[in-house]
Amino acid sequence: MKSALSLGISLLVLVLCTGCVVLGKNTEYQPLDPTLLEPLVPGQSRAADVSKVLGAPSQVVELSNGNAYIYRRSVTKGTGVWLVLVSFVNGEEQHDRVVFFFDKNDLLTHYGVSLNAGKASYGFPF
Amino acid sequence: MNKVVVFRPTAERRHSIREAFPRAGDQEVAPDAPCLGDHPVSRVPSLREHDRVFQHLARLIATLALFLIPLLLSGCITYQLLGGVEGGEVSYPSDRLVVGKTTLGEVLVLLGAPDTVGRVDEGDLLIYQRAVLKRNQLSLGIPLADIWSLGIDLSAYGALVRYDRLVLLFTPEGILSGAAFEKSSDHPYWKAMTSNS
């Protein structure tokens with residue numbers, strides 16, 4: 001009796017756990033290297049210097065007193081588990097971002113850095 | 001030729017079973033009375049043995065049902081839980097962000113690069129944002145689309161995107177002139193989904 005019950009439960013678990021698992025990663029451009037930012041000094045560097053080091057920005061925004069160059073990289077990691085009746089799908093997207101602020105003379109005034117792309121992780125949606 | 005398997009309990013054993021499980025209509029049997037198994041004839045199963053066989057059969061059917069029902073229902077009943085996160089944690093250090101005093105440079109050092117930069121009438125704005133998605137879906141249906149265009153399909157889902165968002169306004173000179181913060185990822189999913197507002 002017990003062995004039949006154990007067999008039934010084992011079969012049920014086996015059937016319900018039949019499925020597949022998918023792990024996916026999507027990287028948009030290469031990660032930003034913080035060491036590249038060292039020669040860029042507010043008050044000295046110009047927009048051309050920034051473009052020379054980091055290339056073309058992802059976005060250029062006109063501000064009230066100059067412009068902003070936005071460099072953005074992203075990493076997305078997705079996890080999917082498909083069982084017989086239940087499926088779980090999760091995705092996490094994190095960014096590396098650098099925003100440079102220039103005055104009207106294209107002189108670098110400030111910049112901010114957020115490097116979070118490496119924090120993207122696989123996981124479940126609960 | 002089929003072999004007849006004969007159940008041959010001893011007379012003592014049969015007597016002890018009868019004592020342990022008396023039935024209405026049972027008659028006292030002498031211990032030395034010949035039992036049915038003592039004769040080389042095929043035995044007719046008793047009602048109790050029928051019950052036992054039936055119980056075994058029922059257990060077998062239940063086990064098979066547990067095994068087969070999920071397989072048969074796959075594709076007909078599905079539950080999907082989907083989640084997603086975009087962006088890092090957003091916080092509002094209100095004690096370190098002072099309107100009229102904190103500069104753009106200090107904000108960038110404190111919070112890093114914003115998600116969005118824009119221009120408004122009074123100056124510029126920075127937006128820090130994190131989006132959290134959660135979606136539940138339950139589908140009931142018989143996938144007959146390949147056979148019959150009128151396949152039955154019932155599904156219900158609820159998707160909720162919650163944002164943590166910090167908006168900072170600056171004067172053209174780069175002085176913080178306003179701040180707004182919303183942290184909606186703390187709101188319970190089911191409460192938000194069942195709310196009419």
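To continue, consider the overall build of chain A. Counting its secondary structure elements, chain A contains 2 helices and 5 strands. Going from N to C terminus, chain A has its helices and strands arranged as α-β-α-β-β-β-β. Counting over 126 residues, chain A shows a buried share of 24%.

A positive phi angle, near 60 degrees, is found at Asp106(A), a position not held by glycine. With respect to the helices and strands, Asp106(A) occurs in the loop between strand E4 (86-102) and strand E5 (108-115).

For the rest of this paragraph, the subject is the interface of chain A and chain B. Interface extent is often summarised as the accessible area lost during association of the parts. Listed as interface residues are 38 residues of chain A and, on the opposing side, 33 residues of chain B. Of all the secondary-structure elements, those providing two or more residues to the side of chain A that touches chain B are helix H1 (2-16), strand E2 (59-63), strand E3 (66-82), E4 and E5 of chain A. No other element matches the 14 residues that E4(A) contributes to the side of chain A that touches chain B. Residue composition of the side of chain A that touches chain B, by class: 21 nonpolar, 12 polar and 5 charged.

Our next topic: the environment of Leu115(A). Residues and elements named next belong to chain A. Relative to the assigned elements, leucine 115 resides in strand E5. Leucine 115 sits 19 residues away from aspartate 96 along the chain, and the two C-alpha atoms are 4.3 Å apart. Leaving out residues up to four positions away in the same chain, leucine 115 has contacts with Leu32, Pro34 and Asp96.

Before going further, it helps to examine the nonpolar core. Core analysis: the largest hydrophobic core is formed by 25 residues, its most contacted members being Ala68(A), Val98(A), Val99(A), Phe100(A), Phe101(A), Tyr111(A) and Val107(B). Those elements that place two or more of their residues in this core are E3, E4 and E5 of chain A together with helix H3 (104-111), strand E3 (123-141) and strand E4 (153-170) of chain B. With near-sequence residues (within four places) excluded, Val98(A) lies in contact with Leu32(A), Leu37(A), Tyr71(A), Tyr111(A), Val113(A) and Ala113(B).

Bringing the confidence of the model for chain B into the picture now. Residues and elements named next belong to chain B. With 66% of its residues at a pLDDT of 70 or more, chain B shows a mean pLDDT of 78. Of all secondary-structure elements in chain B, the lowest mean pLDDT belongs to helix H1 (residues 11-20), at 65, while H3 reaches the highest, 94. Predicted complex, confidence summary: ipTM 0.83, pTM 0.68.

The rules behind these values
- Residues numbered from 1 in each chain as written.
- Chains lettered and ligands numbered in written order.
- Predicted model: local features only at pLDDT ≥ 70, side-chain atom pairs only at ≥ 80, totals over all residues.
- Helix = DSSP H or I, 4+ residues; strand = E, 2+ residues; numbered from the N terminus.
- Buried ≥ 20, exposed ≤ 12 C-beta atoms within 10 Å, placed from the backbone.
- Contact = placed C-beta atoms within 7 Å.
- Nonpolar A, V, L, I, M, F, W, Y, C, P; charged D, E, K, R; others polar.
- Core = buried A, V, L, I, M, F, W, Y, C linked by C-beta atoms within 7 Å.
- pLDDT = per-residue confidence, 0-100.

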